[in-house]
Amino acid sequence: MSGADNVKSLREELLDQNGASPDGPRPHTREEIIALMDAAAAKSGDGDKVRQGKGEGGLVNAAAFWLLWAGVFTAIAAIVFVVISARDSGGAGIILAGGLALLIAVFLTGAAMKMFSPVLVAGAMLRRATGKNPAEAAELAGAEILGALGLAERVLDADQDARLVARRDGVVTYANRTYFQLAKAAGVMGPSGLPPRIDRLFAQQGAEATKVFRLCKAAKSAEAAEEIIYQTMGLAGGGERRRFEVSVRPIRGADEHVAWRLRELPIEDEVQDSLAAAYADFPRPVFALEKSGQIAWANAAARDKLGAQRGQLQAIDDVVLGETGDLVSGLWRIDREPITAQVRRRNAEPAEATFSAFRRGGIGEGFACVEMNIDESADEVEDVALSGDMSESPFGVAIVEGEINRDGRIVEANKAFAEAFGAQKKNAPLVKSVAQTTLEELAEEIRRKTRAGGAPKPIEATVGTGAASRTYALFARPVRRKRGSYGVRRTLLYSVDVTDRKQMEEEYAQDQKLRGIGELASKVAHDFNNYLQVVIGHCDRLMLKHPAGDPAYADLVQIRENAQRAANTTKQLLAFSRKQTLKKEVLSITEILRDFSRFLTRSIGEKVKLELVNGRALPFVKVDRYQLETAVMNLAVNARDAMGVAGGSLTIRTKSISAEEAKARNVPGLLDQEYVLIEVADTGPGVPQEIADKIFDPFFTTKEMGKGTGLGLSTVYGIIRQLDGVIALKSAEGKGATFEIYLPSYDAPETTADEAPKSAAPAPAREPQDLTGAGRVLIVEDEDPVRNFVVATLTDCGYEVSEAADAEEALEILEEDLDFDLVVSDVMMPDIDGPTMVKQARETLGLQSKIIFMSAYAEAAVREQLDLIDGAGYIQKPFTLQGIASTVKDTLYPPTE
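Within each chain, residues carry numbers counting from 1 in the order of the written sequence. Whole-chain, interface and lining totals are the exception, using all residues; otherwise, since this is a predicted model, local features are given only for residues with pLDDT of at least 70 and side-chain atom pairs are given and counted only at 80 or more. Excluding hydrogens and water, the side-chain figures rest on all heavy atoms present in the structure.

Residues and numbers for the sheet that holds strand β12 (residues 409-413), please.
Taken in spatial order, the 6 strands make up an open sheet running β13-β12-β11-β16-β15-β14, and their pairing is antiparallel. Of all strands in the sheet, those bounded by a partner on one side alone are β13 (428-429) and β14 (459-463). Here, any two strands with at least 2 DSSP bridges between them count as paired. What counts as a helix is a DSSP run of H or I of at least four residues, what counts as a strand is a run of E of at least two, and both are numbered from the N terminus. In this structure, strand β15 (residues 470-478) lies alongside strand β16 (residues 490-497), joined through 7 bridges in antiparallel fashion. The partner of Phe475 across the bridge, within β16, is Tyr494. By definition, residues are in contact when any of their heavy atoms lie within 4.5 Å. Interaxial angles span 0 to 180 degrees and are taken between N-to-C directions of axes, which are lines fitted to C-alpha atoms, for helices over the stretch in contact. Where helix α16 (residues 436-452) meets the sheet, its contacts fall on β14, β15 and β16, and the angle it forms with β14 comes to roughly 165°.

Quick one: what's the story with helix α24 (residues 784-796), residue by residue and with numbers?
Expected span of a helix, by definition, is 1.5 Å for each gap between consecutive residues, and there is one gap fewer than residues. Under the 1.5 Å per step criterion, the end-to-end length of α24 is 18 Å for 13 residues, consistent within 8% with the ideal 18 Å. Regarding α24, the residues found buried are Val786, Arg787, Phe789, Val790, Val791, Thr793 and Leu794. Downstream of α24 by a residue or two, Gly798 has a phi angle that is positive, lying close to 105°. Burial here depends on accessible area, computed with a 1.4 Å probe over protein chains only, as a share of the maximum for the residue type. Under 20% is buried, over 50% is exposed, and the range in between is partly exposed.

Can you break down the environment of Gly537 residue by residue, with the values?
Tracing the sequence through the fold places Gly537 in helix α17 (residues 499-545). Relative accessible area serves as the criterion here: at 0%, Gly537 is assigned to the buried category. It is 9.3 Å that separates the C-alpha atoms of Gly537 and Gln882, two residues lying 345 residues apart in sequence. Sequence-distant contacts of Gly537, defined by excluding residues within four places in its chain, comprise Leu532 and Phe789.

Break down empty space enclosed by the protein for me, citing the residues and quoting the values.
Computed over the protein atoms alone on a 1 Å grid, cavities are sets of points where a 1.4 Å probe fits but cannot get out and pockets are open sets with protein on both sides within 12 Å along at least five of seven lines; a residue lines them when it has an atom within 4 Å of a point. Grid points are joined across faces, edges and corners, and a volume is the space filled by probe spheres set on the points. Per the stated rule, a full pass over the model turns up 4 cavities of 30 Å³ or more. Contributing to the lining of the largest cavity are Lys211, Glu227, Ile228, Arg243, Glu290, Gly362, Ile363, Gly366 and Phe367.

Can you lay out a negative patch on the surface for me, pointing to particular residues and giving the numbers?
Side chains of Glu808, Glu809, Glu812, Glu815, Glu816 and Asp831 sit close together on the surface and give a patch of like negative charge. Inspection of the secondary structure assignment puts Glu808 in helix α25 (residues 807-816). Surface patches are drawn from residues lacking salt bridges whose relative accessible area is over 30%; two like charges belong together within 9 Å, two nonpolar side chains (Val, Leu, Ile, Met, Phe, Trp, Tyr) within 5 Å. Per-residue and other accessible areas follow the Shrake-Rupley method at a 1.4 Å probe size, with only the shown protein chains counted as cover for residues. The term salt bridge refers to a pairing of a side-chain nitrogen on Lys or Arg with a carboxyl oxygen on Asp or Glu at a separation within 4 Å. Two residue types count as positive, namely Lys and Arg, and two as negative, namely Asp and Glu; His and chain ends fall outside the count. Note on charges: their place is set at NZ of Lys, CZ of Arg, CG of Asp or CD of Glu.

What follows is the structure, given as structure tokens:
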């Protein structure tokens, strides 16, 4: 029996002993090949020769080798000799040459037909002649034989797994057919047709990219590594999700190259993993969670609880609602601490579930085995009915059958719901009680809560119109029914009256809006008043130099009048922001309007007829006369503009409102007390309902661009609210508009005749005829133009004036000289404000001078700072030349009775 037959026979015996098929794969490790060759040599009787090393068999093999090559060289020499002397050798030479040629032809034919290779035969004999041991013979039967025979690449091409030989830096050297097919399926083949790098084939983000990075790092270091990687490949239907076991191994003898192997694994196949197979029929839900959030496999119980088919659970986001990062991190620690989360179920409503991780497994980072326990108590069938207690509850409850936004019908409702929405009849369509748009929002909220869970979101519904309207918050909850059952859907509908809360929210929002714009208005008014102070002051000085009759006098009058109009606009801003200084007096509304009506007549024009209807026995009110006149003037001008060029009628009516009548009017903001009502009604087109709620908003106007500031009515609103009153609008489109001003009546205590309320007739302002005076005055003002005007004015009046640009400079002057009769200081200055500067000068320097503060802010805005200084006077910018001169003279020379 030959050696080959012995090897074959021994191979069959080994396979029979191992219970494997004869057609199975040959031994693939070095040790197996050595053992196989040793066994074959022993069985054929050559074992002793193998163990003897270079014994007798070695000398015979060496002799045979050298004889073979000596014959070859002799044949070559004979051929050369015959060719040279063929003419003289005769028939013997021809026969010798023919025999040598035949021998060479046999060698060439065998090599061409791959029957044997002369080089291989020589190499094998040389190895046998040199007495190679079995380990080296195994190497000869392995990679070198395959490489010499040209079979290595074909073996790799025939492999069903994707194979790749690449440099350690990732450059591809060789790829088999399966890798090419995989790259084409992934759509990453370049235009040149070259195979892509491994990191381009698995180009992903997140944890999968981290796995590829670890593999590439191992390849660069010529180390072995393996990972399980998920990859979505292809374009059809969004791509196909595939799973691979990717391994990298160094190549012995080729240090600059590594071998990659990509073995595709089925997505969630219980037989491809030992843990998956072990838990396939486990009665409780278990799944394998990777650190990236991917689900490697899920057993049948988990899929059944979640209503998913095989392959549908691919990531933790397919199981858990909401954010999953903390959940995955917690489970990956495998500390056996249960974690609670809501799970989505395809066959039922979302439910609470607890997750517990109990062990690790898999290749590379692997996965954590997680047990899931779903709370199914909420899946029980719910039977709902309105009990007696529920029927008398303060909030509304109704049971609706059918789709809430389509064919929903109210089959039962308690008293509160029926009174709010008029659902008196059984089986009444829900759409007759609740608007369709509200029902659509309720249906959308039900769908949102089903998908995402969380707290229910109220849907607001308004019932009624005007002051009698009520706002309700509606909550919808579907009634649970048996899983998978069909039939009429039932929904519990709850209603809560939130009218008061809604009104408070609107008032708060309006107050915040007014507060924010008020802050802006006060700052604008401060700067604007400083600018106007310079214009008005220097205009007054020019008018002294250019009296009436001078050609420039008319121009100066125009400048002064427009500057004064700008100052009035600033006062409107301050009224809107509620930061102007009010001087409330107890006055009669009748006398105020009677004296003010002649100014109204000139303001509204000839085409508008003014009618004043005064009520009888009206109580007094405590108001700021100027601010109330401003509010009435704005309403009158607004009515004139609304009536247009055709004109119309404007009626101002006053009457007394008792506390009972005020309550019955149901006007927001009215208290149960006595009021004086001022109605300003016009015959214009009225105010459309859609803008009635926005008419008091700041900067809201219906006039054309550039013809209205939008501050008129908002200023009126600010003035009335500052006077502790309420303003409301009553309007019907096409029938005019009526603004109602409610002012609290003044309940005056018993007074003497000297303390009786003042009449509305304004007392003439006392201005000294002579504005000149004498004394030393220190002016402290950081605005140079304002300071220059005040210094020039008081200097012209005969005072000795010193000036300082800020508080620090003023303190330096006072340290050297305290002999000033009066200090006139701005309130707001950089670093140190005016009141602080005066207080410091009095405490540390002993200042005894009289003080006048001036400010572009309203007095109310700086009142707290002014109260720090006793006996200080105040003048608000912009003031006139006569105003500052008379204030200074009255302070230095107080008028006597």
